[in-house]
Amino acid sequence: NPSPYANEGKMEKDNYVAIHNHDHLSYGDAITSTEQLILTAKAQGCPAVNLSNHGNIASLLNFAELAQKHEIKPIIGSELYYAQEGQEKERKSNHILVNVKDETGYKNLLKLMYWASIPVEEGGGYFARPRINEELLFEHQEGLIVSSACVSGPLNEFIANDDMTNALILAERFKDNLQHFFLEIMPHTFPLQQKCNKGIVELSKLLDIPLVLSTDG
C-alpha cells in the first residue's frame, strides 16, 4: 500500500514520511534539488520520499529515476492550484495537495494537470496559472490522496478570515465527495500557521476527518 500516512498514536522515526515536499521547480518556493531532497529523506531513515511541486510535475521522471537509484520509494504528487467557484477568471487561487496512491491515481493526476493547462477560454482551468476546480477534482479523485495543503489552502483561507462556518461547509463537502481526504497541520511557529492549525484541528474533531502532519518542505 503506497499510502504514506502514519498510524494514529506514537509516530516512530523509521515510518514517518513527509508527504508535502518541493524541489527547485516549485518556482519561488524552494531551492532544494531533486537529489538533495531524496538524499535527505534517506539519511533520516525514511522509507519513502514525496515530491509535490506547485502546479506542475516537471520533475516527475527525474524524481522517480533518482529515487530508484538511491533505493527509496518515490511518492508522486502535486500541490495543485485550485480555483473556487466564482474564481474562474480571477488571478486568485488556493492550493490543494494531491498525492498518487496507485496507477489509476497517476492517470487521474495527469488528467487534472492536462485540464489545468488548457485556457479558461477554451474550457479548461488555466488563467494566469494552471488550476483545477472542485468539480474536476471530485470527478477524477480515484486513486488519489487529497489533503488540505498549507495556509494558502481554501480551508485555511476561511480559517484565517475567522469564517469557520464556510470552512466547516467546505470541509464537509470534501469529506463527503473524496474517498481519501486528510486535514494537514504543520509545525511552523508563525502566527498564521498556528491559527490555521487550531482551526484545522477543530474541523477534524467536528467532522471526524483524520489529521496528517506535514512540513511543506
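Residues numbered from 1 in each chain as written. Predicted model: local features only at pLDDT ≥ 70, side-chain atom pairs only at ≥ 80, totals over all residues. Heavy atoms only, no water.

**Student:** Mind showing me how you'd approach the confidence of the model for the protein chain here?
**Tutor:** Keep in mind that low pLDDT regions are not for reading the predicted coordinates in detail. Summary statistics for the protein chain give a mean pLDDT of 91 and a share of 94% for residues scoring 70 or more. Considering only residues more than four positions removed or in separate chains, one finds that residues 1-11, a stretch of pLDDT under 50, has 19 contacts. (pLDDT = per-residue confidence, 0-100. Contact = heavy atoms within 4.5 Å.)

**Student:** Help me understand unusual backbone geometry in this model?
**Tutor:** With glycine set apart, most residues show a phi of negative sign, and most peptide bonds adopt trans. Of note, Ala128 is a non-glycine position whose phi angle comes to about 75 degrees, a positive value. On the secondary structure map, Ala128 appears in the loop between α3 (103-116) and β4 (131-133). A residue is classified by how much of its surface remains accessible, and Ala128, at 39% relative accessible area, is partly exposed. For Ala149, which is not a glycine, the phi torsion comes out positive at approximately 70 degrees. (Helix = DSSP H or I, 4+ residues; strand = E, 2+ residues; numbered from the N terminus. Buried < 20%, exposed > 50% of the residue type's maximum accessible area, 1.4 Å probe, protein only.)

**Student:** For this particular structure, what's the right way to read the nonpolar core?
**Tutor:** Inside soluble globular proteins, nonpolar side chains tend to come together where they are buried. Within the largest apolar cluster, 42 residues are counted, with the highest numbers of intra-cluster contacts made by Ile96, Val98, Ile132, Leu155, Phe174 and Phe181. Take this core: its biggest share by element is five residues, from α3. Sequence-distant contacts of Ile96, that is, excluding residues within four places in its chain, are made with Ser78, Glu79, Leu80, Tyr82, Ile132, Val146, Ser147, Ser148, Ala149, Pro154 and Phe174. Core analysis: the second largest hydrophobic core is formed by nine residues, Val17, Ile75, Leu97 and Ala149 among them. (Core = buried A, V, L, I, M, F, W, Y, C linked by side-chain atoms within 4.5 Å.)

**Student:** I tried to follow the packing of helix α6 (residues 164-177) against helix α7 (residues 191-207) on my own but got confused; where do I start?
**Tutor:** The angle between the axes and the distance between the axes are what describe a pair of packed helices. In the contact formed by α6 and α7, the axes pass within 10 Å of each other and the chain directions differ by 55 degrees. The pairing of α6 with α7 is recorded here as oblique in orientation. The two elements α6 and α7 meet at a crossing, and its hand is right-handed. Packed against α6, whose contacting residues are Met164, Ala167, Leu168, Ala171, Glu172 and Lys175, the element α7 presents Gly199, Glu202, Leu203, Leu206 and Leu207 at the interface. Of the residues contributing to the contact of α6 with α7, the split by class is seven nonpolar, one polar and three charged. (Axes fitted to C-alpha atoms, helices over the stretch in contact; angles between N-to-C directions. Parallel < 35°, antiparallel > 145°, perpendicular 65-115°, else oblique. Left-handed = near helix turned anticlockwise from the far one by under 90°. Nonpolar A, V, L, I, M, F, W, Y, C, P; charged D, E, K, R; others polar.)

**Student:** Would you take a moment to explain the packing of aromatic side chains for this structure?
**Tutor:** Any pair of aromatic rings gets described here by the distance separating the centres and the angle formed by the planes. Taken as a whole and assessed by the stated rule, the structure comprises three aromatic pairs. For the ring pair Tyr82 and Phe174, a centre distance of 6.2 Å and an interplane angle of 70 degrees mean the geometry is edge-to-face. With Tyr82 in strand β2 (residues 73-83) and Phe174 in helix α6, this pair connects stretches of sequence that are 92 residues apart. Classification of Tyr82 by relative accessible area gives buried; the value is 1%. Seen from their ring centres, Phe138 and Phe174 are 6.2 Å apart, and the 90 degrees between their planes marks the pair as edge-to-face. Taken together, the residues span a long stretch of sequence, with Phe138 in helix α4 (residues 134-139) and Phe174 in helix α6 at a distance of 36 residues. The class for Phe138 is buried, based on a relative accessible area of 17%. A cation over a ring is seen here: Arg129 above Tyr81, with NZ or CZ 4.3 Å from the ring centre. (Phe/Tyr/Trp six-rings, centres within 6.5 Å; stacked < 30°, edge-to-face > 60°. Lys NZ or Arg CZ within 6 Å of the ring centre and 35° of its normal.)

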